[in-house]
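Listed here are the chains, written in short residue letters.
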Amino acid sequence: ARRVVLAVPPKLIAKHISFHPPLSDAKQAALDANQTWMAGVTKIGMVYTQRFWDRQSSNMGLPNEPAFQVYDASTKDGFVSALTFFSLANTEDDKELADACAKQMQSVWSYYRRPFADKALDYVDFHVQRWPKEAYISEDPNPQSINPHPHPVLALSTNEWNNTLL
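What you see is a predicted model, and the numbers here were worked out from it, not measured in a lab.

Draft legend 1. Structural detail: the overall build of the protein. In terms of helices and strands, the protein carries 3 helices and 5 strands. Each helix and strand of the protein, placed in order from N terminus to C terminus, yields the pattern α-α-β-β-β-β-α-β. Computed over its C-alpha atoms, the radius of gyration of the protein comes to 20 Å, more than 25% above the 15 Å expected for a compact globule of 166 residues. Counting only residues that meet the buried cut, the protein has 36% of its 166 residues in that class. Nonlocal contacts in the protein, meaning residues at least 24 apart in sequence, comprise 66% of its contacts between residues at least 6 apart. Carbon and sulfur atoms provide 53% of the accessible area of the protein, an area that totals close to 10800 Å². Across the protein, 16 positive and 18 negative side-chain charges occur, with their mean positions spaced 7 Å apart.

Right, dumping it as structure tokens:
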């Protein structure tokens, strides 16, 4: 092939792909050191029959566990009403995790005296995506922390092999 595009986290490129001729030491070190943002995070989508929350009550960081962030994942047309949580999941049971997120949201909304707090428990469906379990996303199946948000890395954007590899 004349061109190949790799849409793979840098750390996984470093671990699973060999280059011939080899990459420069700087590029190889940058691939090895670069963490995939949110790779260790489990995403929980909670579906409700209707959107009952306001925007300021749904897009926020959260205290305690299991989730550290929630946002409104509802569609603009109102066809889907959903909240999405990000968590460093401490359980393998998806239903248990969904219930814990709903209870956490109820607790936060109760603290802020939102009249709809108890409706957090009334989800009708849920979906869990465990990014740490995805072989092409994460190398750590049991993360204990969240990787920092990525910043541009000069060595990863430098051409190699007489400008035939970026």
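Picking up where we left off.
Draft legend 2. The arrangement of the nonpolar core in detail. Counting residues in hydrophobic clusters, the biggest one holds 22 residues, and the most contacted among them are Met46, Tyr48, Leu62, Leu83, Phe85, Met105 and Trp109. Considering each element in turn, this core owes the most residues, 7 residues, to helix α3 (residues 94-111). Once residues within four sequence positions are removed from consideration, tryptophan 109 is found in contact with Phe52, Trp53, Ser57, Met60, Leu83, Arg114, Phe116, Ala117 and Ala120. In terms of nonpolar packing, the next biggest core, distinct from the first, is built from 6 residues, Ile13, Leu23, Leu31 and Leu165 among them.

Draft legend 3. Up close: the side chain of serine 81. Within the secondary structure, serine 81 is located in strand β4 (residues 81-87). A polar side-chain atom of serine 81 sits 3.0 Å from the main-chain amide nitrogen of arginine 51. Non-local contacts of serine 81, meaning those with residues more than four positions away in its chain, are made with Met46, Val47, Tyr48, Thr49, Gln50, Arg51, Trp53 and Ser74.

Criteria and thresholds
Along every chain, residues carry numbers that run from 1 in the direction the sequence is written. Per-residue local features are limited, in this predicted model, to residues with pLDDT of at least 70; the limit for side-chain atom pairs, both in listing and counting, is 80 or more; totals at the level of whole chains, interfaces and linings are taken over all residues. Hydrogen atoms and water are omitted, and side-chain values are computed over all heavy atoms in the structure. Per the convention used, a helix needs a DSSP run of H or I reaching at least four residues, while a strand needs a run of E reaching at least two, with both numbered from the N terminus. For a compact globule the rule gives 2.2 Å times the number of residues to the power 0.38, and the radius of gyration it is set against comes from C-alpha atoms. Categorising residues by exposure relies on relative accessible area from a 1.4 Å probe, with only protein chains included: less than 20% of the type maximum marks a residue as buried, more than 50% marks it as exposed, and the intermediate range marks it as partly exposed. Any two residues having at least one pair of non-hydrogen atoms within 4.5 Å are treated as being in contact. Values of accessible area rely on a 1.4 Å probe in the Shrake-Rupley scheme; residue burial ignores everything except the protein chains shown. Positive charge is attributed to Lys and Arg, negative charge to Asp and Glu, and no charge count is given to His or to the chain ends. Lys charges are placed at NZ, Arg charges at CZ, Asp charges at CG and Glu charges at CD. What we call a nonpolar core is a set of buried Ala, Val, Leu, Ile, Met, Phe, Trp, Tyr and Cys residues that are connected through their side-chain atoms within 4.5 Å. Any pair of N or O atoms that falls within 3.5 Å is considered a polar contact. Within protein, one atom must be able to donate a hydrogen and the other to accept it, and sequence-neighbouring residues count only if both atoms are side-chain atoms.

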